[in-house]
Structures are given as structure tokens and as C-alpha cells.
Amino acid sequence: MQTRDWDQMDDEAFRLEVRKFFQQQFPEHLRYPPHHLSWAQTKDWYKKLYAQGWAAPAWPKEWGGMGLNGSKMLIFIEEQERHGVARTPDMGIILLGPLLIRFGNEEQKKEILPSTLSGDFIWCQGYSEPNAGSDLAGLKTEAVLDGDEYVINGSKIWTSYAMDATHMFILVRTDKAAKKQEGISFLMLRMDTPGITVRPIKNLLGVEVFAQVFLDNVRTPARWLVGKPNQGWTMAKALLGFERISIGSPKLAQAGLEKLEQVARQQGLMKDPAFVDRYNQLRLDVADLGSTYGRFAEIVKRGGTLGPDVSMLKILATETYQRLTELTLEAAGDAGGLAGKVDFNGMPIDILSPFYMARPSTIYGGSNEIQRNILSKNVLNLPG
Amino acid sequence: MSQEDTNQMLRDAVGGFAARDTSIARVRALRETDPGFDRAVWKKIADAGWTGILVPEKFGGAGLSLPEMAAVLEEFAKTLSPEPLNAVSSLAALTLSGGDNEALQARLLPQIAAGDLIAAVAWQESESGIDPAAIETTAKEAAGGYALSGSKRFAVPFGADAYLVSAKGQGGVIVACVDKSAKGLTVDSELRADGTRVARLKLDNVQVAKADIVASAGAGARALGQAIDQTTILAGAELLGVMSRALEITLDYMRTRVQFDRPIGSFQALQHRAVDLFIQKELSFSVLRDAHIHLAQDADALALWASRVKSRCSEAGMRIGRESIQIHGGIGFTDECDIGLYLKRAMVLSAWLGNGAVHRRRYAALAPALEAA
Ligand SMILES: Cc1cc2nc3c(=O)[nH]c(=O)nc-3n(C[C@H](O)[C@H](O)[C@H](O)COP(=O)(O)OP(=O)(O)OC[C@H]3O[C@@H](n4cnc5c(N)ncnc54)[C@H](O)[C@@H]3O)c2cc1C
């Protein structure tokens, strides 16, 4: 395992090194996957990343991370997306790790972080419930302290990777009398605990990536409560900013633009002025998204905190990408109705998967309606 | 009986079929199967008379016209049934009756009307070509008929008994009826977004007798062009059915789904969105209605109306499908939620016979914008 001082390295040199590693090491057949991949499909790649010491780019070095600063972290993500490096079931690395490092106690860090880094613990995120989606604070799954264990009852839904996960981090209600946001705690549990049932749910592509998880008298040790009781909401919220900037990166849209161009050339559309105008409009949307992303990235690089205006990045990135996949479908003509890899004069191109995958990007991570509510309330200061 | 009464009667009949003979569960079970539809249900559709609506009375049909077929197809589309009613009973039947082989019409049209023959028109070769004359498949005159060679795509349905294949002959485009087991014909399928299949044909010197030529070189392009344009208008009616039902389902969901202690339908952001979708649906209805009115008086404007209808209905259908998913939230991205089935059918119908963009281009060519004075 390499432990290097990345801070000493110049950004461009770092970019090239990361790029080279992805190009040489990432399995070609997994590039730009049509949907999220399972642990079985990505495990070998993850182990390679781990061996390289690159499994947790944002974690500090003392916990086995790369300790990248904001600027290098963004480069890392950009290069990943540029090369079409598939995501692994990485909730433990991306969400839980940083939360534990910030709010967890020493025992929790020692018990959880190394096993999470090595891929022995695979985590899923149990936040949403059937009746608590946009209104997450309305969650009803309940945990009651019984001796040195919490007993959990309720159900979580849309839990990505629940089938692969060995563990779950979960928001539960621990005080029913308090205000909605103030009675929520953050717990961890093992997925093989008695009382847990996982019902996989097929998505629009016909693939099982998320699930409903039922919890029936599930016991988890009280030492697995992170932070203080009833502070789960504040801790979970504290991590949202970075999620929104990474979802706002223009790289996915750039990949979409390339695909659109590929299909349009096949169809002879680059000679049609009306099409070319719409294409250029999207090119500019992607370019200007990049400029907007740059503004927020600079704040991250300086180590600053992101304000509520970062919500605009999520709106721009996801909706631009959706429009790109829609125009690609349209450019494909009659083949826009065909599933799977479609033969374009001998060139196989999957038109529908990106179109489908772009759909939920405006739903998860706080729907775009919710992001607009945040912007109108907290940025435009409109009455409401 | 007035046309309105006839249409209402037809709609009610489809309503009966929807309640009795099909269901979303059946639609789901048939997805990705081979051929992807049910011949027993097809027979019931024929018994109801819908396979013969556009077939002349002398050939065993009802001899009705587009508005009646549109009424049936709009209601039928709401059920998401995979049976290829429009492709067979409009496109194939109209191609046959637009041809110039009366003996063949007398032989095949009664079988289509009776539901005994499922014929698919194979005219398209590339992804965005809707000009029936722009083809490469050739028809060489051979002893007592023609020999066809070339390839075809997007023929609906896969699993047809016979294919009506267009090809370039000496004097123009001909249409030939090719049996599914003809020597030299290979039929593969391509899967569509909604789990139904289209046929991809390879023709390697397929022999067709004169008696099986649907339309000769003088009549082929026109017969096909007319049949395709009429079917395109009817595909607009199908899209209208799909989008209407999708919007109903979504409005119902907005009334019942509660977040922040109130129905999500009470949020103005979603209300305005729903109103915009409603307006798109109404525009689709308007243009279809107007197409019927105008075509009854001026059949020459068929291509123009077909493009107007298909541009609007494709766009509206896709938009209502997409935004319905968004309004449903997470559950909208699941296979078990029906709304996704409507989006997928809208995707298939809007891509079929030329999507919105293809028809906007054709509209512009048929009705050039007035030059500035
Ligand atoms: C692919 C995918 C993966 C996911 N993975 C996970 C996961 O791993 N873990 C997890 O916990 N969750 C996960 N989720 C759940 C996700 O966070 C929720 O779907 C999301 O919060 C929306 O909640 P909902 O689905 O209940 O929709 P609802 O909240 O019911 O929303 C329905 C519609 O109403 C709109 N709406 C709601 N409130 C308002 C308002 N106040 N104003 C205007 N419009 C409003 C929404 O924008 C949406 O259009 C995932 C979801 C998807 C689609």
C-alpha cells in the first residue's frame, strides 16, 4: 500500500497519474456500465483500488485514506467519470466513513473504518421509508433502548445495494415526543441480524439494485449509536453539501454529449441545421454547467463550506443530462424504441439505459422540486 | 347512427374488452416472450370486429374509416395490450387495399378481418427513414414473378404469418406478400422498450409469384405512403390513449400520496406541472380531431396531417410519460409500478413510424414557412 503526500504533488501531475491508473487498471468491460453494478461484479476492481491505497480518496491518511484536499478530490472524481469507472457499492466509503470520522468515537472508528476500507463491510443507507421520502424527517422506524441494545421496528425502502450489504446505517426515531427533526438518531446494524427481511425491487431497467428492508425487533448494540441520541438529523444533514457537488459534476453530461454526437453522426444529423442548433444548445448547457461547477469547486478547494445555493448544481447537472439522453433517443429515430444494445450500421449502442438511468437522478438525493424549494426559500428569500 | 354515436359504441365495446379479456397482469406476463402477444386474445379482438374496421365490406370488413379506428385504438391503447391491432388491421390492411391486386385482396383481407392472418408490413430499412421510396431492397423480375433481396427493419409484429415487403423493381416500388416460411427469408427479432418485438428481415433471393404481388411498380409507393400516413395518424390516437391514462394515474397519485402531512397534489410546483401535462394532452386531442375533420374533406393533405399529429402526440406522450415518473418519485422508477409501463409504451409508439423530430422535418418540407416579404 502506498502512503504518499498527495498535497506535495502538483494538480496536473496528480490528474495524469490518476488517469493513467484508471486507464491501465480498470476492466474495460465495466466502463460506462448501463446501470449500477453489484459487489460481485466490482469486487475485484475494489480490491485493486484497495491494494493501491486508493479505496477511500477523501478519508484522512490515519484511517487508510488518500487524505486528498478538496481540489485533488474533485480531480479524482472527474477522472473517474471521464474514464467511465463504475461505482462500487460505496455508501460506506462515501457517506458513512466521513460521518464516523467527524462524529464517531474512537472505538467506533477502530471497529468500523478498517473493515469498511478493506471491503469486508459493505454498507447500505437506510434513510427513506415508504411514507418518508421528500419528508425524510417524518420517518417512523423506531428504536427503543433495552439494556445495552437498541430494538428496531419499521421498514426502509429504496435502499440501494441492500442485497449486497453486510451492514446498514440507519436513521431511526428515538423520541416520539420531540419535534420531527429532533427525535432522530443514527445507528448502525448488521444485515444478518435476526428480524431483517430484504425484498429486492426491480427498477425501470428490470434490474434489482434497490430493496425494501423490513425490521422486526432487530437488535443492535447501543455502542453502535453514532453521536448523541436524537442528533441523527443534524449529522446526516452536515454531509449533504459534498454529495450535491459531486452529483453536480459536468463529466457525466460530457459523456452523454459524446454519445449523442456518435448517434447523430450515424444518422447523418450533423448536417441538419435544426438538429445542430439543439445540439449546440446542449453543448453550451454542459459548458456553462462546467463553469458553474468550477465556482463551487473553488470553494471546496479553499476548504470553505458550501451554501444552500449548491442546490442549483444538482438541478443543472441532472436536468442537462436528462435532456441529453432525451435528444439521443430522438436522434436514434425508430431505434430509439429498441431495448439493449442496438445495431447502428454495425456499431452497437445502448440508447435506452442512459435514458432510464437519468430519470431518478432528479428524484434521489433530494428531488429537484425539493432543491428548488431550498433555493427559493434560502437563496431567494421568498416568503413561504 | 351519427359518427359520434358509432364512436361511443365502439369505445364502450373496448371498455368491455378491457374489463373482461385483458389486464395489466397479462400485459406484464407477455413482456419479452415470443412472439410477445396472445393469438387467443387476437381472435377475441377479431370477433369484436376491430380487425376489420378498415376492411371494405365486400371483403368481410366493416368498411369504416379513420375516426372509428382511432376511437377503438385510443381506448385499446389504454389497456397496453401488446396485440398489434394498428400494425395489422390498419397498416397491413390499408397497404393491401391500396394495392392493385384485387384477387389477392379478396384472398387476404377477409382473413385479416377474421383474425386468421397476421400480416406485418416490412418497408423500413434505416432508423429514421420514413420515405417508402428510399429503399435498397431489390425486386428482380424472375420466372412468373419477382426475386427479392435485401433487408428490412422495424416490421411489426415479429411472429407474423406473412410480411408485406417493399422492394425496388424496374418501374418503381413494389409490395410483395412473403410467407413467413418462404425460402431465402430469415426473420430475427429486436426487443422494444415495452417488451414487444419487431422483426428484422433478411431476404436472399426470395421468390414471389405474380399472384402474391400486393402492389405493382405503378402503385406500390402510393399504396404504402397512404397506408403509412393513415397508420401514423392512428398511432397518434394510440399515444393519446396512453398519455390520457398515464395522466389519470398520476393525478390519482397526487391526490393520495402524502408528504409533509399533505397530499403532494397540494404543492403548487406539482399542480402547475400537472396542468402543463394536461394542456399537452389537450393539444394532442385537438390536432387529432382536426385531422379527422379536414381529411374528410381533403384527402390530399394526408401527409401534412400525419406529420402534425405525430409530432405533437409523440412529444406529448413522451413528456407525460417522463414527468409522470418524476411526480411518482422513487416508486416511479420501479418495474412494479404501472406508470413505467405507460412511459415505455409511449417510447415505443413515439419512435414507431417516425418520431416527433422526423415528422417536424417532414412537416417543414411539406409546409414551408412563408418567406418574409
Ligand atoms: C434509484 C434510487 C436510489 C435510491 N437509493 C436510496 C438509498 O440508498 N437509501 C435511501 O435511504 N433512499 C434512497 N432513495 C430514495 C430517495 O431518496 C427518495 O426517492 C426521495 O427522497 C424521494 O422520496 P419519495 O420517493 O418518497 O417521493 P415523494 O417524496 O413521495 O415525492 C413524490 C413527488 O412529490 C414531489 N414533492 C414532494 N414534496 C414536495 C414539495 N414540498 N414541493 C414540491 N414537490 C414535492 C417530489 O419532488 C416528487 O416529484 C433512492 C431513490 C432512487 C430513485
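Owing to the predicted nature of the structure, the values given are computational and were not obtained by experimental measurement.

### Some points on the overall build of chain B
Along its length, chain B carries 11 helices and 10 strands. Against the compact-globule benchmark of 21 Å for 373 residues, chain B has a radius of gyration of 21 Å, which places it among compact chains. Overall, chain B is about 80 × 60 × 45 Å in size when its C-alpha atoms are taken along their principal axes. The buried share of chain B, taken over its 373 residues, is 58%. Taking contacts inside chain B between residues at least 6 apart in sequence as the whole, the part at least 24 apart equals 74%. Total accessible area on chain B is roughly 14,700 Å²; 51% of this is exposed by carbon and sulfur atoms. Each charge class in chain B can be summarised by its mean position, and for the 40 positive and 44 negative side chains these summaries are 4 Å apart.

### Regarding the interface of chain A and chain B
Listed by partner, the interface residues are 46 residues for chain A and 43 residues for chain B. Here chain A and chain B share an interface that buries about 3,500 Å² over both sides, 55% of which is from carbon and sulfur atoms. One can count 6 salt bridges joining chain A with chain B. The closest approach of N and O atoms between Arg361(B) and Asp272(A), which form a salt bridge, is 3.4 Å. At the junction of chain A with chain B, the criterion picks out 25 residue pairs in polar contact (both at pLDDT 80 or more). When residues of the side of chain A that touches chain B are assigned to their parent elements, the largest contribution, 4 residues, is made by helix α11 (residues 352-358) of chain A. A breakdown of the residues in the side of chain A that touches chain B according to their chemical character gives 22 nonpolar, 12 polar and 12 charged.

### Things to note about the site of the ligand
Taken together, 28 residues lie around the ligand, and Ser134(A), Ser367(A), Glu369(A), Arg257(B) and Gln326(B) are the ones closest in. Per-site note: the chains with residues close to the ligand are chains A and B. For the ligand, an oxygen atom lies 3.0 Å from a polar atom in the backbone of Tyr127(A). Between the ligand and Gly330(B) there is a distance of 2.7 Å, counted from an oxygen atom to a backbone nitrogen or oxygen.

### So, the pairing of strand β3 (residues 149-160) of chain A
All names here are of chain A. Two strands pair when backbone bridges link them, and strand β2 (residues 142-146) and β3 are joined in this way by 5 bridges, in the antiparallel orientation. The residue bridging alanine 143 from the neighbouring strand is isoleucine 152, located in β3. In the sheet, β3 pairs with strand β7 (residues 208-221) via 9 bridges, with the strands oriented antiparallel. Bridged to glutamate 149 within β7 is proline 221.

### Structural notes on the packing of helix α4 (residues 66-78) of chain B against helix α5 (residues 85-98) of chain B
All names here are of chain B. Running from N to C, α4 and α5 cross one another at 165°; their axes reach a closest spacing of 11 Å. Our classification of the angle between α4 and α5 gives roughly antiparallel. Seen from above, α4 lies across α5 with left-handed handedness. For the pair α4 and α5, the contacting residues are Met69, Val72, Leu73 and Phe76 in the first and Leu85, Asn86, Ser89 and Ser90 in the second. Per-class residue counts for the contact of α4 with α5 are 5 nonpolar, 3 polar and no charged.

### With respect to the pattern of salt bridges
In this structure the tally under the stated criterion is 52 salt bridges over all chains. Put simply, Glu79(A) and Arg19(A) hold a salt bridge, and the shortest N to O gap is 2.8 Å. Here the residue Glu79(A) occupies a position in helix α3 (residues 70-83), and Arg19(A) occupies one in helix α1 (residues 11-25), the gap between them amounting to 60 residues. The exposure class of Glu79(A) is buried, given its relative accessible area of 2%. When the shortest N-O distance is used, the salt bridge between Lys152(B) and Glu125(B) registers 2.8 Å. With Lys152(B) in strand β3 (residues 145-155) and Glu125(B) in the loop between β1 (119-122) and β2 (138-142), this residue pair connects regions lying 27 residues apart in the sequence. Assessed through its relative accessible area of 2%, Lys152(B) is described here as buried.

### As for the environment of Ala365(B)
Residues and elements named next belong to chain B. Tracing the sequence through the fold places alanine 365 in helix α11 (residues 356-366). Owing to a relative accessible area of 62%, alanine 365 belongs among the exposed residues under this scheme. With 61 residues separating them along the chain, alanine 365 and leucine 304 place their C-alpha atoms 9.4 Å apart.

### Quick word on the domain arrangement of chain B
All names here are of chain B. With domains assigned, chain B is organised as domain 1 (3-117), domain 2 (121-217) and domain 3 (221-372). A straight line from the C-alpha centre of domain 2 to that of domain 3 covers 30 Å. Every contact between the two is made by 15 residues of domain 2 and, on the other side, 15 residues of domain 3. Here domain 2 packs against domain 3, burying approximately 1,200 Å² in sum over the two surfaces, 77% of which is carbon and sulfur. In terms of surface lost to domain 3, no three residues of domain 2 exceed Ile130, Ala193 and Asp194, which account for 39% of the buried area on that side. One salt bridge connects aspartate 194 with arginine 345, and the closest N-O pair in it is separated by 2.7 Å. In this assembly, domain 2 and domain 3 are joined by 1 residue pair in polar contact (both at pLDDT 80 or more).

### Quick look at the packing of helix α9 (residues 302-328) of chain B against α11(B)
Residue and element names in this part refer to chain B. Viewed as axis vectors pointing N to C, α9 and α11 meet at an angle of 150°, and their least axial separation amounts to 8 Å. Two packed elements cross with a definite hand, and for α9 against α11 that hand is left-handed. Contact with α9, carried on its side by Ala303, Leu304, Ala306, Ser307, Arg308, Lys310, Ser311, Ser314 and Glu315, involves Gly356, Ala357, His359, Arg360, Arg362, Tyr363 and Leu366 of α11 and no other residues of that element. Per-class residue counts for the contact of α9 with α11 are 6 nonpolar, 5 polar and 5 charged.

### So, the environment of Phe275(A)
Residues and elements named next belong to chain A. Here phenylalanine 275 shows up in helix α9 (residues 273-301). For phenylalanine 275 and alanine 264, which are 11 residues apart along the polypeptide, the C-alpha to C-alpha distance reads 8.8 Å. Sequence-distant contacts of phenylalanine 275, defined by excluding residues within four places in its chain, comprise Leu260, Ala264, Leu269, Met270, Leu327 and Ala331.

### Considering the side chain of Arg26(B)
Residue and element names in this part refer to chain B. Checked against the element boundaries, arginine 26 lands in helix α2 (residues 24-30). For arginine 26, the side chain forms a polar contact with the side chain of serine 81, separated by 3.4 Å. One polar contact links arginine 26 to glutamate 83, side chain to side chain, over a distance of 2.8 Å. Each residue touching arginine 26, except ones within four places of it in the same chain, is listed here: Asp21, Asp38, Val41, Ser81, Pro82 and Glu83.

About the criteria used
Residues numbered from 1 in each chain as written. Chains lettered and ligands numbered in written order. Predicted model: local features only at pLDDT ≥ 70, side-chain atom pairs only at ≥ 80, totals over all residues. Heavy atoms only, no water. Helix = DSSP H or I, 4+ residues; strand = E, 2+ residues; numbered from the N terminus. Rg over C-alpha atoms; globule rule 2.2 N^0.38 Å. Buried < 20%, exposed > 50% of the residue type's maximum accessible area, 1.4 Å probe, protein only. Contact = heavy atoms within 4.5 Å. Areas by Shrake-Rupley, 256 points an atom, 1.4 Å probe, with all protein chains shown as cover. Lys, Arg positive; Asp, Glu negative; His and termini not counted. Charge placed at Lys NZ, Arg CZ, Asp CG, Glu CD. Buried area = accessible area lost by both parts, 1.4 Å probe. Salt bridge = Lys/Arg side-chain N within 4 Å of Asp/Glu carboxyl O. Polar contact = N/O pair within 3.5 Å; in protein donor to acceptor, adjacent residues only side chain to side chain. Nonpolar A, V, L, I, M, F, W, Y, C, P; charged D, E, K, R; others polar. Near = heavy atom within 4 Å. Pairing = 2+ DSSP bridges. Axes fitted to C-alpha atoms, helices over the stretch in contact; angles between N-to-C directions. Parallel < 35°, antiparallel > 145°, perpendicular 65-115°, else oblique. Left-handed = near helix turned anticlockwise from the far one by under 90°. Domains from an automatic or database assignment.

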